[in-house]
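Coordinate analysis (summary)
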Amino acid sequence: MALTRDQIAMRVAREFKDGDYVNLGIGIPTLAANYVPDNIAVMLQSENGLLGMGPYPTEEEVDADMINAGKETVTAITGASIFNSAESFAMIRGGHVDFTVLGAFEVDVHGNIASWMIPNKLVKGMGGAMDLVAGAKNIIVTMTHADKHGNSKLLANCTLPLTGVNCITRIITDLAVLSVADGAFHLTERAPGVSIEEIQAKTAGKLIVPDHVPEM
Amino acid sequence: MALTRDQIAMRVAREFKDGDYVNLGIGIPTLAANYVPDNIAVMLQSENGLLGMGPYPTEEEVDADMINAGKETVTAITGASIFNSAESFAMIRGGHVDFTVLGAFEVDVHGNIASWMIPNKLVKGMGGAMDLVAGAKNIIVTMTHADKHGNSKLLANCTLPLTGVNCITRIITDLAVLSVADGAFHLTERAPGVSIEEIQAKTAGKLIVPDHVPEM
Amino acid sequence: MSGFDKVVRSYEEAMKGLSDGMTVIAGGFGLCGIPEGLIAEIKRMGTKKLTFVSNNCGVDDFGLGILLEDKQIKKMVSSYVGENALFEQQLLSGELEVELTPQGTLAEKMRAAGAGIPAFYTATGYGTPVGEGKEVKEFNGRPYILEEAISGDFAIVRAWKADRYGNCIYRHTAQNFNPMAATAGKITVVEAEEIVDPGELEPSQIHTPGIYVNRVIQGNFEKRIERRVLAK
Amino acid sequence: MSGFDKVVRSYEEAMKGLSDGMTVIAGGFGLCGIPEGLIAEIKRMGTKKLTFVSNNCGVDDFGLGILLEDKQIKKMVSSYVGENALFEQQLLSGELEVELTPQGTLAEKMRAAGAGIPAFYTATGYGTPVGEGKEVKEFNGRPYILEEAISGDFAIVRAWKADRYGNCIYRHTAQNFNPMAATAGKITVVEAEEIVDPGELEPSQIHTPGIYVNRVIQGNFEKRIERRVLAK
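What comes next concerns the included structure.

The rules we used
- Residues numbered from 1 in each chain as written.
- Chains lettered and ligands numbered in written order.
- Predicted model: local features only at pLDDT ≥ 70, side-chain atom pairs only at ≥ 80, totals over all residues.
- Heavy atoms only, no water.
- Contact = heavy atoms within 4.5 Å.
- Salt bridge = Lys/Arg side-chain N within 4 Å of Asp/Glu carboxyl O.
- Polar contact = N/O pair within 3.5 Å; in protein donor to acceptor, adjacent residues only side chain to side chain.
- Nonpolar A, V, L, I, M, F, W, Y, C, P; charged D, E, K, R; others polar.
- Buried area = accessible area lost by both parts, 1.4 Å probe.
- Helix = DSSP H or I, 4+ residues; strand = E, 2+ residues; numbered from the N terminus.
- Disulfide = S-S within 2.5 Å.
- Buried < 20%, exposed > 50% of the residue type's maximum accessible area, 1.4 Å probe, protein only.
- Pairing = 2+ DSSP bridges.
- Axes fitted to C-alpha atoms, helices over the stretch in contact; angles between N-to-C directions.
- Parallel < 35°, antiparallel > 145°, perpendicular 65-115°, else oblique.
- Left-handed = near helix turned anticlockwise from the far one by under 90°.
- Phe/Tyr/Trp six-rings, centres within 6.5 Å; stacked < 30°, edge-to-face > 60°.

**Notes on the interface of chain D and chain A**
Listed as interface residues are 23 residues of chain D and, on the opposing side, 23 residues of chain A. There are zero salt bridges connecting chain D and chain A. Taken together, chain D and chain A are joined by eight residue pairs in polar contact (both at pLDDT 80 or more). For the side of chain D that touches chain A, the residue count by class is 11 nonpolar, nine polar and three charged.

**Here we look at the interface of chain A and chain C**
In this assembly, 42 residues from chain A lie in contact with 48 residues from chain C. Contact between chain A and chain C buries roughly 3900 Å² in total, counting both sides, with carbon and sulfur atoms accounting for 61%. The largest contributions to the chain A side of the interface with chain C come from Asp 65, Lys 71 and Lys 124 of chain A, which together make up 21% of the buried area. Counting across the interface, chain A meets chain C through seven salt bridges. Asp 65 of chain A serves as the salt-bridge partner of Arg 158 of chain C, at 3.5 Å between the closest nitrogen and oxygen. In this structure, the connection of chain A to chain C is made through 27 residue pairs in polar contact (both at pLDDT 80 or more). Take the side of chain A that touches chain C: its biggest share by element is four residues, from helix H3 (residues 85-93) of chain A. Class assignment of the residues belonging to the side of chain A that touches chain C gives a composition of 21 nonpolar, 12 polar and nine charged.

**Focus: the environment of Ser 152 of chain A**
Residues and elements named next belong to chain A. Relative to the elements of secondary structure, Ser 152 occurs in the loop between strand E8 (138-143) and strand E9 (154-155). With 53 residues separating them along the chain, Ser 152 and Gly 205 place their C-alpha atoms 8.6 Å apart. Contact partners of Ser 152, with chain neighbours within four places excluded, come to His 145, Ala 146, Lys 202, Thr 203 and Ala 204. A distance of 3.0 Å separates a polar side-chain atom of Ser 152 from the backbone nitrogen of Ala 204.

**Examining the state of the cysteines**
All names here are of chain A. In this structure the tally under the stated criterion is zero disulfides over all chains. In this structure Cys 167 is not part of a disulfide, and its nearest cysteine sulfur, from Cys 158, lies 9.3 Å away. Assessed through its relative accessible area of 15%, Cys 167 is described here as buried.

**Points about the sheet that holds strand E10 (residues 170-173) of chain B**
All names here are of chain B. Pairing is mixed across the open sheet formed by 10 strands, whose spatial order is E4-E3-E2-E1-E5-E8-E10-E11-E12-E13. Edge positions in the sheet fall to strand E4 (76-82) and strand E13 (207-208), since each of these pairs with one other strand and no more. Summarising the sheet, strand E3 (residues 50-53) and E4 pair through three bridges and their orientation is antiparallel. Paired with Leu 50 across the two strands is Ile 82, which belongs to E4.

**Some points on the packing of helix H3 (residues 85-93) of chain B against helix H4 (residues 103-114) of chain D**
Put simply, H3 of chain B and H4 of chain D touch, their axes get as near as 8 Å, and they point 125° apart. Relative to H4 of chain D, the element H3 of chain B is oriented oblique. Where H3 of chain B crosses over H4 of chain D, the handedness of that crossing is left-handed. Where H3 of chain B abuts H4 of chain D, its residues Ser 85, Ala 86, Phe 89 and Arg 93 of chain B lie against Gln 103, Gly 104, Thr 105, Ala 107 and Glu 108 of chain D. Taken together, the residues of the contact of H3 of chain B with H4 of chain D break down into three nonpolar, four polar and two charged.

**Structural notes on the packing of aromatic side chains**
All names here are of chain A. One pass over the full model with this rule turns up 10 aromatic pairs over all chains. Arranged with centres 5.5 Å apart and planes meeting at 65°, the rings of Phe 16 and Phe 99 form a pair that is edge-to-face. One end of the pair, Phe 16, is in the loop between helix H1 (5-13) and strand E1 (20-24); the other, Phe 99, is in strand E5 (residues 99-103), with 83 residues separating them in the sequence. For the residue pair Phe 16 and Phe 99, the accessibility class agrees, reading buried in each case.

Below you can see the structure in the form of structure tokens.
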């Protein structure tokens, strides 16, 4: 069965190591914060200038001067630091953030990602996404394996304008976990009950399937 | 009569306007702080990261963590700010410091300055001098008009390795005040009792002398 | 130190000199940390054909969005826009131009302008529409694009506390783009929640040294929240 | 948050992994704000052929100068050196190499390394020996030279207060190069005057966010003064 959004987030959270600094994009990536295993701690970076982002505030804690990169009210954990946008992106661009998790429209076998612009639709902008994919040491893309029409989002070559090139190495979808290397997707795990045939059918780019593909 | 070091400093101080941010090099430039007119205020920038440098400390005020760019113990005035070296030079390089006053070995008619290196003598380094001459809006060079052998320091072309090119517009020596423009030194003032002939004799680069040259 | 007293008494004085066609660098992220009163003054002045360099363009009736009503903005340099209908409409009709710039590149362009760095290399945007037409150079085998500094005729900034000399500190994430904006204006105007006497701010805790600031005005802020999300 | 506790108990642990031929970025200006104990540990370790990127090289018996005694330094990248006799002697004999770099360019090179900016343009040094062999480009009619980032295998930093997560604040002008150095090391080690619990430092007043820091050690400082000058 294809994973739910929360199940994808759960699988993402298993990638984290104790002590990781992590930037989570909006949507499924943000949910991953709810599933960090009890025996490890990660610190969340919000690119508007907050390292050590905490949960949403209570009514009493709400403060217009304390928001996250999604412009939502938020809190800071004990031991957080707050800084300006240039410093925040120095941190990101300089490779100090261990993990970035973000959504995408398309990813291809070259590790290219398209996530910010669909031609002929209003373009709102890339925000910090281009900086994040250019800077993070590890990037995990989360998305559904195919769009609602069944078209694969894992392509031989991205068709939409790119967010970054040659930067994606790991993808977690509702059907599978894949790595990207040497011009191909490499299937490493499949969602429980999902067949390799289904994954192959929904992967347009070159897919390498090892003899044994464990369930997640 | 040629000016003393303190008299040169006094003349330098007359250049300052109320509200100027000023960086003073070691030697004569530093003395200028003692002669700021009572009716104006300037704020001193020390390039190791202090804006609003105060006087030397009393015995009780001495603090190893509070020094100036000459590595001397110093104090901060009320309203000072302290920052890192990158910020300090952002301020300098970005043209936010109104005045830089520094010494030189040579200056030429192109506004070039040599102030940090004499070949075959031990080179200790340029410190912040190259950043200062590249960044300040106004630079005043203070020096003796000629060296102790009587050789002019105001040349057609600098002979020593440069600190900066095409950046010096104003020179205050023990004999004269000069501006630098259009490939020449322009005499604007002379020290009391110093003849134009003496200044001409000690200026190797092209010197333009107006009809009337007031005493300082 | 009267020459360093930068406090002005009216918004009119604060924005004096702003004229049609100028470029304004603005601090703030979304509606957080924006100089509300200075933006209102620009609306009152009716200045036209302005270019704004700001991460966002506010919402329909708040922030820079209010300048759209009278078509005062010719161009936005931003990383994320379109949180309001009027913006979309003017963009589609060609009345408004947008230069989308990655958020980190935008922050660094402002810092570079203030720091006398005319251009810098970044990997951000290489191989994307952002990199098109820009110089590419490899360092350690990786390609980077050359991005140029961006400065303004004016910079408008919101501070939490500012002293009379223009030294500023910012509160929580209202800091965001404000410190960089403060360095990048020919004339930098700070609207502060509180103006204090010199000496009240700890010198080594000042975010923006007063040297970058030309005018300081006491502000009065609504501090609207864009997305109020509460703990469940 | 055990994974974020960066406190180490011994200097040996603090400098573990430093080996011959490595590059070390060091904070400090003159003798002000230098990580005294970390430098002493490098002397104790006897590591050789080190390149130090530091504004200065200390004096004969203090600061980085003590590493000259056993010829541990192969190269200095500095803006101002030679405050000691041994330095001069080793320089003249060719045992020591010096790359003189303007102070502001040096600070910016460290910052650039930490910020993922491989190179930037600056007017500083154009037309001087510093500019020789470097790429030149004009912006608005003025020539600038291209300077590259400089990073280290290690960075050694002195903080005033550091919390266990590595968040640091610096005291007075002991700040100097320390914040940039902290961003530029593959392994960044902070020697603090005081280690405090997370939460004791105000988040928006932290100079160096802990993300840049790998190890924190409680230091013990002599704080020698290089030029004691008193008011007359």
